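So you can see what is in the structure, the chains are spelled out below.
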Amino acid sequence: MVSFTEAQLMAWVTPILWPFLRVLGLFTTAPLFSSRAIPIRARIGLAFMVALSAQATLDGQPRVDMNGLAGIGTLAQQVGIGMAIGFGVRLVFAAVELAGELVGLQMGLNFASFFNPMTNAQSSAISTFMGNIATLLFIVINGHLTILMAVIKSFDAFPIGGSLFEALGRVRMHELGADLFASALWIALPMIGLLMFVNLALGIISRVAPQMNIYAIGFPVTLTAGMAGIALVLPMMEQPLLALLERMLSLFAGGR
């Protein structure tokens, strides 16, 4: 009769369990993976496959006993780091969506709102459109594979058995909020400048020709200029999206 001891079972289970929990935490918050279109069972199965496939590169990780406070602390560390990585990637999409909100405000399209299933909130038409374009770019540039590589590389910077608060302190997640607004303004700056120039031209026209109903022609002109500007700016959105994604993921690979 074949028998196993508890020590043998823990030696077999723990090398897969901790990466599985970190990847599962990533799938909870990361864009695309956290979509409601992906069933929970599929996420769990995919997280297990990723953890199992990564065993060859995770050799030498410290062993932590699952019984006791050390096991509970390690569990919180794995889930917390995985969720932090997903949240960092989500900030990249939030910056693009915030840029869309700023552009929509300048175009006068913020009143056209739709329900966004990714954020469970109302989003303007331009914000939803730019968020969808960012999602498509994310897939085209293999961003979904990049964040899987990042979560595996994070075991070098944040090994198993460390402190969750120490890891979050090194990453300094609380400072990423300022980067969110700065990045959104960086992406939306060309469109904001174009629309400010259009509004300035309309203001000069209203002063030169007071008999012209500027409110009747202002909205179509602003909308047309905004659409043309979006068509010109969208092909250039790949570079800022890549730069933001690389910066966010480098925080969890030990960089800054």
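Residues numbered from 1 in each chain as written. Predicted model: local features only at pLDDT ≥ 70, side-chain atom pairs only at ≥ 80, totals over all residues. Heavy atoms only, no water.

**Q** How should the overall build of the chain be read in this particular structure?
**A** Within the chain one finds 9 helices and 2 strands. From first element to last, N terminus to C terminus, the chain shows the α and β order α-α-α-β-β-α-α-α-α-α-α. Scored against the burial criterion, the 256 residues of the chain give a buried share of 41%. Restricting to contacts in the chain with at least 6 residues of sequence separation, those with at least 24 account for 79%. Counting only carbon and sulfur atoms, one obtains 70% of the accessible surface of the chain, whose full area is about 13,900 Å². (Helix = DSSP H or I, 4+ residues; strand = E, 2+ residues; numbered from the N terminus. Buried < 20%, exposed > 50% of the residue type's maximum accessible area, 1.4 Å probe, protein only. Contact = heavy atoms within 4.5 Å. Areas by Shrake-Rupley, 256 points an atom, 1.4 Å probe, with all protein chains shown as cover.)

**Q** Please explain a nonpolar patch on the surface as it appears in this structure.
**A** A cluster of nonpolar residues, Ile 205, Met 212, Ile 217 and Val 221, forms a patch on the protein surface that exposes about 280 Å² of accessible area. Residue position: Ile 217 is located in helix α8 (residues 214-233). Residue classification places Ile 217 among the partly exposed residues on the basis of a relative accessible area of 31%. (Patch = residues over 30% accessible without salt bridge, like charges linked within 9 Å, V, L, I, M, F, W, Y side chains within 5 Å. Salt bridge = Lys/Arg side-chain N within 4 Å of Asp/Glu carboxyl O.)

**Q** Please explain the pattern of salt bridges as it appears in this structure.
**A** Should the charged atoms of two oppositely charged side chains come close, the side chains can pair. Throughout the structure, instances matching the rule amount to 1 salt bridge. Arg 90 is the salt-bridge partner of Glu 97, the closest N and O atoms lying 3.4 Å from each other. For the pair Glu 97 and Arg 90, one class covers both residues: buried.

**Q** What is the right way to read the environment of Arg 43 from this model?
**A** The topology assignment puts Arg 43 in helix α2 (residues 40-53). Expressed as a C-alpha distance, the spacing of Arg 43 and Val 23, which sit 20 residues apart in the sequence, is 9.5 Å. Those residues in contact with Arg 43, other than ones at most four positions away along the chain, are Leu 24, Phe 27, Phe 33, Ser 34, Ser 35, Arg 36 and Ile 38. Separated by 3.4 Å, the side chain of Arg 43 and the backbone oxygen of Phe 33 make a polar contact. (Polar contact = N/O pair within 3.5 Å; in protein donor to acceptor, adjacent residues only side chain to side chain.)

**Q** Honestly, the packing of helix α7 (residues 176-208) against α8 in this entry has me stumped. Any pointers?
**A** Two elements in contact, α7 and α8, have axes whose closest approach is 10 Å; the angle formed by their N-to-C orientations is 155 degrees. With respect to each other, α7 and α8 are oriented roughly antiparallel. Seen along the crossing, α7 lies across α8 with a hand that is right-handed. Each of Pro 190, Met 191, Leu 194, Leu 195, Val 198, Asn 199, Leu 202 and Ser 206 in α7 lies in contact with α8, whose residues at this interface are Ile 214, Gly 218, Val 221, Thr 222, Ala 225, Gly 226, Gly 229, Ile 230 and Val 233. Its residues assigned to classes, the contact of α7 with α8 shows 11 nonpolar, 6 polar and no charged. (Axes fitted to C-alpha atoms, helices over the stretch in contact; angles between N-to-C directions. Parallel < 35°, antiparallel > 145°, perpendicular 65-115°, else oblique. Left-handed = near helix turned anticlockwise from the far one by under 90°. Nonpolar A, V, L, I, M, F, W, Y, C, P; charged D, E, K, R; others polar.)

**Q** Looking at this structure, how should I read the packing of aromatic side chains?
**A** The geometry of an aromatic ring pair is captured by the separation of the ring centres together with the interplanar angle, meaning the angle of the planes. Taken as a whole and assessed by the stated rule, the structure comprises 3 aromatic pairs. Residues Phe 20 and Phe 48 carry aromatic rings whose centres are separated by 6.4 Å and whose planes lie at 70 degrees to one another, so their mutual orientation is edge-to-face. Taken together, the residues Phe 20 in helix α1 (residues 6-29) and Phe 48 in helix α2 connect sequence positions 28 residues apart. With a relative accessible area of 17%, Phe 20 lands in the buried category. Using a relative accessible area of 39% as the deciding quantity, one classes Phe 48 as partly exposed. When the ring of Phe 27 is compared with that of Phe 33, the centres are 4.7 Å apart and the planes differ by 20 degrees; the resulting orientation is stacked. (Phe/Tyr/Trp six-rings, centres within 6.5 Å; stacked < 30°, edge-to-face > 60°.)

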